[in-house]
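# Per-entry structural report
Listed here are the chains, written in short residue letters.
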Amino acid sequence: MSSQAMSVNTVSRIAGARLRGGSLLEYVVVGVIVVLVVLFSIFIPGFATLGNLRVIASNSAALVILSCGMGMVIISRGLDLSLIATMVAGATIFSISIDAGWSWPVALGLTLLAVGAIGFVNGWLVAYVEISAMLATLASAMVITGLFRFGVLRGEYLLLLSKTNPAVAFFSSDILPGLAAPVALMIVAFVLTSILLRYTTAGRITYALGDNFQAARLTGLPVRTTTLMIYVYAAVMALLAGLVTSASSGTVDFRTVTNGTLLFEVILVVVLGGIPLRGGRGGMRNILIGAALIAVLRNGMTLVDLTTQTQDVLKGLVMIIAIATDNYFNPRDTETDTIGDL
Amino acid sequence: MLPIMTNRLPRVAAALTILASLVLCAGGARANSNIAGKKVIFVPISMGISLTEAWARGMKQHAAIYGYTVDIRDAHFNTGAMSELLAKAISDKPDVLVVHNPTVQLLARQIKQAESEGIKVLQINLQSNQPSTAFVGANWERIGREIAEDIVKECGAGSGKSGEVAIIPGQLTAADSVIMNEAAFKVFAAHPEIKVVSNQASNWEPEKARQITATVIQQHPNLCAIFGHWDVHTMGAGKAVKDAHLEDKIIVYATGGGDDKTCQAVEDKILDRVWSYDAAGQGRDAGTMIDILLQGGVAADHTMLKIESPMKIIKAGPTYDRNLCFKL
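Residues numbered from 1 in each chain as written. Chains lettered and ligands numbered in written order. Predicted model: local features only at pLDDT ≥ 70, side-chain atom pairs only at ≥ 80, totals over all residues.

### What to know about the sheet that holds strand S6 (residues 164-168) of chain B
Residue and element names in this part refer to chain B.
- Read across the sheet, six strands follow the order S7-S6-S8-S9-S10-S12 without closing on themselves; strand pairing throughout is mixed. Where the open sheet ends on each side, the last strands, each with one partner, are strand S7 (195-199) and strand S12 (312-315). Neighbouring strand axes in the sheet, compared pairwise and without regard to direction, differ in orientation by 20° on average.
- Looking at chain direction, strand S8 (residues 225-228) and strand S9 (residues 251-256) are connected through three bridges and run parallel. (Pairing = 2+ DSSP bridges. Helix = DSSP H or I, 4+ residues; strand = E, 2+ residues; numbered from the N terminus. Axes fitted to C-alpha atoms, helices over the stretch in contact; angles between N-to-C directions.)

Written out as structure tokens, the structure reads:
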């Protein structure tokens with residue numbers, strides 16, 4: 001057996017062991033979700049209905065798709081702060097291509113190439129130029145936002161999509177009776193990411209990157225190419241989320257990048273679900289748990305008519321408690337200390 | 001000679017006194033139409049939206065006629081940056097400062113400071129709690145009241161409908177939302193059959209408005225009307241109504257600058273009734289007001305000069321006309 005295959009096997013056994021054992025935080029979060037669901041079901045009329053569950057799923061589709069991409073990046077001990085900018089940029093390219101008269105397959109292909117290039121540049125900056133992921137992706141977010149707002153949209157913030165836009169038509173429809181297209185896409189993204197992380201070599205290497213980057217590199221694993229693939233995958237997830245969001249609302253809105261809290265919510269989903277920011281642990285189960293808490297909380301707060309400012313305060317408090325709990329249950333040691341890594 | 005001059009002197013003095021009391025001569029000086037080279041600074045919440053672009057276009061057209069400059073300081077929806085930009089603008093000592101207030105309180109102190117330093121402040125469309133030399137914009141009390149009255153007519157007693165209404169402000173502390181909500185709730189108070197089931201701000205974002213609406217519709221399937229405080233974010237709400245196939249049951253009200261996308265939304269049944277304050281017309285009004293201010297115009301009693309924007313009500317049906325909307 002080659003040394004690389006042996007390295008992957010060893011890493012795979014360690015990563016598999018870590019995958020199977022859940023962290024204490026995720027059990028706490030699951031408990032909180034159950035309590036919230038019970039309380040909301042009792043005290044909020046209309047919460048415990050199939051229709052409301054469909055609304056929760058539909059409203060959370062973009063968040064879950066983004067979290068799949070961000071989750072993979074964080075597991076590899078990275079961070080992609082350009083995810084929302086890529087999401088909006090991808091939706092912009094697709095919409096402009098459709099408005100220019102190109103067919104949707106050509107428009108989609110062009111858009112995939114463009115966002116793939118964004119992910120490639122992010123991955124290259126992290127893997128080859130060895131800039132910290134946080135700084136590299138923060139810079140690329142600013143470049144993308146400026147380029148698209150001023151270079152492409154000529155200063156506009158909003159691009160209204162025509163009703164003939166195929167994304168609008170597709171995402172307004174049901175794939176199957178009762179299964180909306182955004183929800184179906186969310187399930188596909190979720191299952192695909194789960195398969196990639198659990199059953200592919202690249203997925204195992206992703207865990208190795210987060211667990212101990214130097215060890216992974218020294219044992220001959222293709223850490224750089226895997227890093228490139230991770231950021232490209234995150235960018236593609238961002239594009240899918242962008243198509244879902246823009247088609248649902250009928251607009252591409254660059255203020256989502258500059259003013260919104262979506263990036264914060266994506267990181268919150270990942271961290272709350274039990275994927276530590278230092279990487280190397282967690283999986284799609286954690287994304288599901290984190291997204292479920294945010295979705296249930298958001299839905300309940302909307303149904304009781306709490307103001308959006310109050311909702312943001314509560315979400316911020318939940319984030320602080322989650323990180324503090326995560327630090328308590330996963331204390332830093334010599335092996336896992338990540339000061340300066342992000 | 002001397003007796004004739006003595007006879008005429010009181011009449012000349014009386015004529016001068018009358019001239020001096022005219023509105024445009026309040027400072028004791030005659031109106032100065034030579035305003036070339038003067039400086040105007042416009043600080044909007046953000047450029048890149050049809051509202052502020054239409055205003056800027058109107059102001060610049062007037063500036064081109066008279067030869068003064070209009071300099072735009074774009075805050076890009078960043079309220080922190082807006083305070084800093086306004087502080088810098090004040091230090092540049094323009095002749096007129098045009099301010100677009102994101103909330104009723106944020107820039108109040110700086111507006112007062114500018115006025116005390118002799119800079120005339122024109123507030124556009126969104127007022128601050130601090131009065132200034134002039135205001136050009138929509139009468140939010142009238143819009144809130146008229147929309148609420150229409151809602152009562154469509155959803156109130158005798159209509160056979162539930163009376164349930166959802167309100168979607170942009171931000172609860174923005175001037176338009178504060179005033180419209182106050183006016184609307186005053187109307188609804190006299191009609192207990194009207195129930196406001198949701199009043200959540202969307203941060204001016206269509207997607208957030210869509211999500212709020214999708215959730216509210218689910219809980220209140222007999223919802224009668226939605227009142228959105230800006231046509232752009234209300235389109236998200238309208239989309240949610242359409243996705244739920246309730247466009248014939250729920251009336252979506254909005255207010256906005258009335259550009260061609262608003263008319264398109266009405267044609268597509270995303271929005272039903274829009275109270276448009278015609279941003280293009282507001283741009284012209286703002287330009288005219290700046291011309292007057294630069295020529296020395298102030299109110300005789302030094303209160304705030306006001307130009308209220310005329311309304312255009314855009315709704316499908318016999319009154320609909322594409323020309324009600326402007327194109328940038």
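### Focus: the pairing of strand S10 (residues 273-276) of chain B
Residue and element names in this part refer to chain B.
- Going residue by residue along S10, you find Arg 273 and Trp 275 tucked away on one face and Val 274 and Ser 276 tucked away on the opposite face as well.
- Bridging between S10 and S12 involves four bridges; their strand directions are antiparallel. Across the sheet, residue Arg 273 finds its bridge partner in S12, namely Lys 315. (Buried ≥ 20, exposed ≤ 12 C-beta atoms within 10 Å, placed from the backbone.)

### Overview of the domain arrangement of chain B
Residues and elements named next belong to chain B.
- The domain architecture assigned to chain B consists of domain 1 (32-137 + 279-295 + 303-309) and domain 2 (140-276).
- Taken together, the contacts link 10 residues of domain 1 with nine residues of domain 2.
- Considering every element that reaches the side of domain 1 that touches domain 2, the biggest residue donor is helix H2 (residues 50-66), with three residues.
- For the side of domain 1 that touches domain 2, the class distribution of residues is six nonpolar, four polar and no charged. (Domains from an automatic or database assignment. Contact = placed C-beta atoms within 7 Å. Nonpolar A, V, L, I, M, F, W, Y, C, P; charged D, E, K, R; others polar.)

### Brief notes about the packing of helix H3 (residues 50-75) of chain A against helix H13 (residues 262-273) of chain A
All names here are of chain A.
- Between H3 and H13, whose axes approach to 9 Å, the crossing angle comes to 65°. Of the two elements, H3 crosses H13, and the hand of that crossing is right-handed. Of the residues in H13, those in contact with Leu 63, Leu 66, Ser 67, Met 70, Gly 71 and Ile 74 of H3 are Glu 265, Val 266, Ile 267, Val 269 and Val 270.
- For the contact of H3 with H13, the residue count by class is eight nonpolar, two polar and one charged. (Left-handed = near helix turned anticlockwise from the far one by under 90°.)

### Considering the interface of chain B and chain A
- Listed as interface residues are 29 residues of chain B and, on the opposing side, 31 residues of chain A.
- If you list the elements that add at least two residues to the side of chain B that touches chain A, you get S7, helix H7 (206-219) and helix H8 (231-243) of chain B.
- If you tally residues by element for the side of chain B that touches chain A, the top one is H7 of chain B, at nine residues.
- Of the residues in the side of chain B that touches chain A, the class split is 10 nonpolar, 12 polar and seven charged.

### Side note on the sheet that holds strand S2 (residues 69-72) of chain B
All names here are of chain B.
- Strand order in the open sheet formed by six strands is S2-S1-S3-S4-S5-S11, with parallel pairing between adjacent strands. A strand with exactly one partner marks an edge of an open sheet, and here the two such strands are S2 and strand S11 (305-308). Neighbour-to-neighbour, the strand axes of this sheet turn through a mean angle of 20°, independent of strand direction.
- One ladder, built from four bridges, connects strand S1 (residues 39-43) with S2; its direction is parallel. Note that in S2 the partner of Val 40 across the bridge is Val 70.
- Sheet strands in contact with helix H10 (residues 279-294) are S1, strand S3 (96-99), strand S4 (120-124), strand S5 (134-137) and S11, and its direction is about 165° off that of S5.

### Looking at the nonpolar core
- Of all hydrophobic cores here, the largest spans 198 residues; its most connected members are Ile 65, Leu 66, Ala 234 and Met 237 of chain A together with Leu 122 of chain B.
- Top element by residues in this core is helix H11 (residues 223-249) of chain A. It accounts for 18 residues.
- Structurally, this core is a two-domain feature, drawing no fewer than three residues from each of domain 1 (32-137 + 279-295 + 303-309) and domain 2 (140-276) of chain B. (Core = buried A, V, L, I, M, F, W, Y, C linked by C-beta atoms within 7 Å.)

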